[in-house]
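Close look at the chain arrangement
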Amino acid sequence: SFELIQPPSVTVSPGQTATITCSGDKLGDKYVSWYQHKPGRTPMVVIYQDDKWPSGIPDRFSGSNSGNTATLTISGTQSLDEADYYCQAWDVNTPGIFGGGTKLTV
Amino acid sequence: EVQLEQSGAEVKKPGESLKISCKDSGDTFGTYWIGWVRQVPGKGLECMGIIYPGDSDTRYTPSFQGQVTISADKSTGTAYLQWNRLKASDTGIYYCARRFNSAFDNWGQGTLVTVSS
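Heads up: these notes are all about the structure in this document. No experiment lies behind these values; they were computed from the predicted model shown.

Analysis parameters
Sequence order as written defines the numbering, with residues in each chain counted from 1. Chains carry letters and ligands carry numbers; both start at the beginning, A for chains and 1 for ligands, and go up in the order they are written. For a predicted model such as this one, the threshold for reporting local features is a pLDDT of at least 70, and the threshold for listing and counting side-chain atom pairs is 80 or more; totals across whole chains, interfaces and linings nevertheless cover every residue. Water and hydrogen atoms play no part in the side-chain values, which are based on all heavy atoms of the structure. Where helices and strands are cited, they refer to DSSP runs of H or I of at least four residues and of E of at least two residues respectively, numbered from the N terminus. With the radius of gyration taken over C-alpha atoms, the globule rule is written as 2.2 Å times the number of residues to the power 0.38. Throughout this description, buried means an accessible area under 20% of the type-specific maximum (1.4 Å probe, protein chains only), exposed means over 50%, and partly exposed covers the range between. Residues count as neighbours in contact if any of their non-hydrogen atoms are within 4.5 Å of one another. Here the accessible surface of atoms and residues is derived via Shrake-Rupley with a 1.4 Å probe, and residues count as covered only by protein chains that are part of the display. For the purpose of counting charges, residues Lys and Arg are taken to be positive, whereas Asp and Glu are taken to be negative. His and the chain ends are not included. Note on charges: their place is set at NZ of Lys, CZ of Arg, CG of Asp or CD of Glu. Defined here as a combined quantity, buried area equals the accessible surface (1.4 Å probe) lost by two parts on assembly, summed across both. What makes a salt bridge here is a side-chain nitrogen of Lys or Arg within 4 Å of a carboxyl oxygen of Asp or Glu, nothing more. Two N or O atoms form a polar contact when they lie within 3.5 Å of each other; inside protein one atom must be a possible hydrogen donor and the other a possible acceptor, and for residues adjacent in sequence the pair counts only when both atoms belong to side chains. The classification used treats Ala, Val, Leu, Ile, Met, Phe, Trp, Tyr, Cys and Pro as nonpolar, Asp, Glu, Lys and Arg as charged, and all other residues, Gly among them, as polar.

The next thing to look at is the overall build of chain B. In terms of regular secondary structure, chain B is built from zero helices and 11 strands. Counting from the amino terminus, helix and strand elements in chain B follow one another as β-β-β-β-β-β-β-β-β-β-β. Relative to the 2.2 N^0.38 estimate, which gives 13 Å for 117 residues, the radius of gyration of chain B is 13 Å and therefore close to what a compact globule would have. Projected onto its principal axes, the C-alpha coordinates of chain B cover approximately 40 × 25 × 25 Å. By the burial criterion, 50% of the 117 residues in chain B qualify as buried. Considering only residue pairs separated by 6 or more positions, chain B has 53% of its internal contacts joining residues 24 or more positions apart. Here chain B has roughly 5,400 Å² of accessible surface; of this, 45% comes from carbon and sulfur atoms. The average position of the 12 basic charges and that of the 12 acidic charges among the side chains of chain B differ by 8 Å.

Right, dumping it as structure tokens:
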């Protein structure tokens, strides 16, 4: 069955660039979205359709997807970016599959 | 604007049934897919399935097929997630969310389900 693999944790210093990867077979053929999830809060999409920003999301967040790997990049990481991040892959009209999540520590 | 309002927290015993709801207070219900997402304590997000209320087309993630039932009532703008026989392992937070542009862009506040004897 299709799986998405994320690193369990990423640590970055404030102001530096955080990179979170998401790997899956032929992932580049699917649309990928990324979600930020803070404790006690509702998940929030930060990137959709591989590299697009929802309204209100700062352009410090960027995404790419090619081959077997999608990447979420957070430039100039701030303490408020500390959260769990999940990738999600979609085929047409199928339930999206989530990756296992990455805990970002700033 | 889509606003998804979920039903309140539930405490149930193993073997009991449960149906939780997700109501869209806007006027576009039926024109987009709605998904149900589970988060069990200490674990990540899992998409259980999606439904298109316009025609009730429902797609389940294989691990949830046969374990839950997803339904929707277009006339009331409400989606549902139902269990016939709850297990302790069903304890978790359940979110509904709108799928738009290949992402869950709008989420309900979550419903905490606790299953304990």
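Structurally, B:Val11 can be placed in strand E2 (residues 10-12). Expressed as a C-alpha distance, the spacing of B:Val11 and B:Ser117, which sit 106 residues apart in the sequence, is 9.8 Å.

We now examine the interface of chain B and chain A. The interface of chain B with chain A comprises 23 residues on the first partner and 22 residues on the second. Both sides of the chain B and chain A interface together cover about 1,700 Å² of buried area, and 63% of this is carbon and sulfur. Looking only at chain B, the three residues that lose the most surface to chain A are B:Leu45, B:Ser102 and B:Trp107, adding up to 32% of its buried area. Our count for the chain B to chain A interface comes out at zero salt bridges. Between chain B and chain A we count two residue pairs in polar contact (both at pLDDT 80 or more) in total. Breaking the side of chain B that touches chain A down by element, the ones donating at least two residues are strand E4 (33-39), strand E5 (45-52), strand E6 (57-60), strand E9 (92-99) and strand E10 (104-107) of chain B. Here the side of chain B that touches chain A takes five residues from E5(B), the largest share from any one element. Counted by class, the side of chain B that touches chain A contains 10 nonpolar, eight polar and five charged residues.

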